[in-house]
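The primary structure of each chain is shown beneath.
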Amino acid sequence: MKIGVPREIKPLEGRVGLVPEACGELVKAGHRVILEQGAGEASGYPDKRYLDAGVETVADAQALYDQAELVVKVKEPYGSEPEMLREGQLLFCFLHLAADEDLTRRLLASRVTGIAFETVADRGGLPILAPMSDIAGRIAVQNGATLLHHQQGGRGLLLGGLPAAERGHVVILGAGEAGGNAAQLAAAMGARVTVFDRLREKMGSMRELGANVTALYPYQDAVSEAVADADLLIGAVLIPGAKAPKLVSGRQVSSMRSGSVVVDISVDQGGCIETTRPTNYREPTYRVDGVIHFCVTNMPGAVPRSASQALSAAMMPYLRRLLEGWRDDPLLSAAVNLSGGELVYPALRDQYL
Ligand SMILES: NC(=O)c1ccc[n+]([C@@H]2O[C@H](COP(=O)([O-])OP(=O)(O)OC[C@H]3O[C@@H](n4cnc5c(N)ncnc54)[C@H](O)[C@@H]3O)[C@@H](O)[C@H]2O)c1
């Protein structure tokens, strides 16, 4: 199979679909791998590393899309990328189609077969999404803590507090991979943490993080009370493949203190907070009623070296299966979002048809 790895073009995105070591293994297995020149640069992998692994390079995206039978990339097609895809071609990357009707229509028009990383489900989890969620959860707290600084327009609070100064209150919606990592870091910093999830086992693992962590069921009143008191509110719920449920209204956001911060990680599935709108690293924040919002759709793009390494490792077992044939593989065929101009994934059919 001819596998193409294009350069990511989303603003300030630094990840690459496959690191050189992963490409080397695919070449040894008899596949041809084509890289768009410079695709690994921001992750610390110059073209030479790929060439040494037996990868061929091409100068531009069009040449890559023309040749590749399978395109492996990180983010959903952006800019003019949807129009470079074609019928019979396979696309393996994050797609997040529930949040983007225009992209969905353009990919349907291309008739490409798109398998989304975030809908690959195995052993009760989402193994390709998970490492990116781990990163996003930690970045949510790191960035949230910085946005609370006075110079950033925040309320001037040290998240962990200190003797004679109150602790910050971090409220997290969803205790999965992203929310769990956010809770872990916020708790370790010394913040007061309240996490909401519907599942008892998730609440249990959150409680084990320490006495400064409270895990609760998301009753509307309980969420409302916690949100009004939050210094940092983090959205991290997910219903796989579907639009995120809105758990916090605009009115509830306006009940937050001025200079407090919202980080909605689930923005890539439409966001779980009413005031969320997608941003990118070029202009990551905006304010609503004095509350700073950070809703970047590619948070792990800030740490491309770590993220590219983790993504390749998570993807490899499934990429190998895909190369053996996705049609006869129940796990992979269940992760197909669209093919030949048809929406296939049930949650997307429910949303769009
Ligand atoms: N913005 C980014 O750069 C970025 C990066 C990685 C992941 N994400 C997104 O973060 C979100 C979370 O991903 P994840 O891997 O942590 O998912 P996950 O499945 O591990 O966790 C989601 C959690 O939400 C809980 N949940 C679902 N509905 C709920 C509700 N109504 N109330 C309370 N809890 C509810 C689930 O029980 C689960 O524990 C996804 O939208 C994912 O795509 C975004």
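Each remark here, short or long, concerns the structure printed above.
Residues numbered from 1 in each chain as written. Predicted model: local features only at pLDDT ≥ 70, side-chain atom pairs only at ≥ 80, totals over all residues.

Q: How should I be thinking about the overall build of the chain in this particular structure?
A: Looking only at helices and strands, one finds twelve helices and 15 strands in the chain. Its C-alpha atoms give the chain a radius of gyration of 21 Å, within 12% of the compact-globule value 20 Å for 353 residues. Expressed along its principal axes, the backbone C-alpha trace of the chain runs to roughly 65 × 45 × 35 Å. The burial tally for the chain puts 51% of its 353 residues in the buried class. Taking all contacts inside the chain whose residues are at least 6 apart in sequence as the whole, residues at least 24 apart take part in 65%. (Helix = DSSP H or I, 4+ residues; strand = E, 2+ residues; numbered from the N terminus. Rg over C-alpha atoms; globule rule 2.2 N^0.38 Å. Buried ≥ 20, exposed ≤ 12 C-beta atoms within 10 Å, placed from the backbone. Contact = placed C-beta atoms within 7 Å.)

Q: I keep staring at the site of the ligand and nothing clicks. Help me out?
A: Taken together, 37 residues lie near the ligand, and S133, G174, G176, A178 and M299 sit nearest. Of the residues forming the shell around the ligand, the biggest block, five residues, is contributed by helix 5 (residues 129-147). Looking at side-chain class alone, the shell around the ligand contains 23 nonpolar, eight polar and six charged residues. (Near = placed C-beta within 6 Å. Nonpolar A, V, L, I, M, F, W, Y, C, P; charged D, E, K, R; others polar.)

Q: For this particular structure, what's the right way to read the sheet that holds strand 11 (residues 261-264)?
A: Picture the strands of a sheet paired through backbone hydrogen bonds; they go either parallel or antiparallel. Taken in spatial order, the seven strands line up as 9-8-7-10-11-13-12 in an open sheet, and their pairing is mixed. Every other strand in the sheet has two partners, leaving strand 9 (213-216) and strand 12 (285-288) as the edge strands with one partner each. Averaged over all neighbouring strand pairs, the angle between strand axes comes to 20°, with direction disregarded. Sheet contacts for helix 5: strand 10 (232-235), strand 11, strand 12 and strand 13 (291-294); angle to strand 11, the most-contacted strand, approximately 160°. (Pairing = 2+ DSSP bridges. Axes fitted to C-alpha atoms, helices over the stretch in contact; angles between N-to-C directions.)

Q: Even after reading the chapter, I still don't get the nonpolar core, so can you show me in this structure?
A: Nonpolar side chains in soluble globular proteins tend to be buried together. Core analysis: the largest hydrophobic core is formed by 113 residues, its most contacted members being I172, A182, A183, A186 and I234. Those residues within four positions of A186 in sequence are excluded, and the remaining contacts are V141, L159, V170, A191 and V193. (Core = buried A, V, L, I, M, F, W, Y, C linked by C-beta atoms within 7 Å.)

Q: Help me understand unusual backbone geometry, please; the structure alone is not making it clear to me.
A: With the exception of glycine, the majority of residues adopt a negative phi angle, and the majority of peptide bonds are in the trans configuration. One non-glycine residue with positive phi stands out, namely R111, at about 65°. Considering the arrangement of structural elements, one finds R111 in the loop between helix 4 (101-110) and strand 6 (113-116). Looking at R111, the number of C-beta atoms within 10 Å reads 16, which means it is partly exposed. Notably, R123 is not glycine yet its phi reads approximately 45°, a positive angle. Note on placement: R123 falls in the loop between strand 6 and helix 5.

Q: Can you help me understand the packing of helix 5 against helix 6 (residues 177-189) in this one?
A: Two quantities define a packed helix pair, namely the angle between the helix axes and the distance between the axes. Contact pair helix 5 / helix 6: the axes reach a minimum separation of 7 Å and the direction vectors enclose 40°. The angle between helix 5 and helix 6 places the two elements in the oblique class. Crossing of helix 5 over helix 6 shows right-handed handedness. Residue-level contacts link A130, S133, D134, A136, G137, R138, A140 and V141 of helix 5 to E177, A178, G179, G180, N181, A182, L185 and A186 of helix 6. In terms of residue class, the contact of helix 5 with helix 6 is built from eight nonpolar, five polar and three charged. (Parallel < 35°, antiparallel > 145°, perpendicular 65-115°, else oblique. Left-handed = near helix turned anticlockwise from the far one by under 90°.)

Q: Got a minute to help me understand helix 5 in this structure?
A: An α-helical segment advances 3.6 residues per turn. Residues three or four places apart therefore align on the same side. Between the first and last C-alpha of helix 5 there are 26 Å, a value that for 19 residues agrees with the 27 Å anticipated at 1.5 Å per step. Most of helix 5 is tucked away, with 15 of its 19 residues classed as buried. (Expected span 1.5 Å × (residues − 1).)

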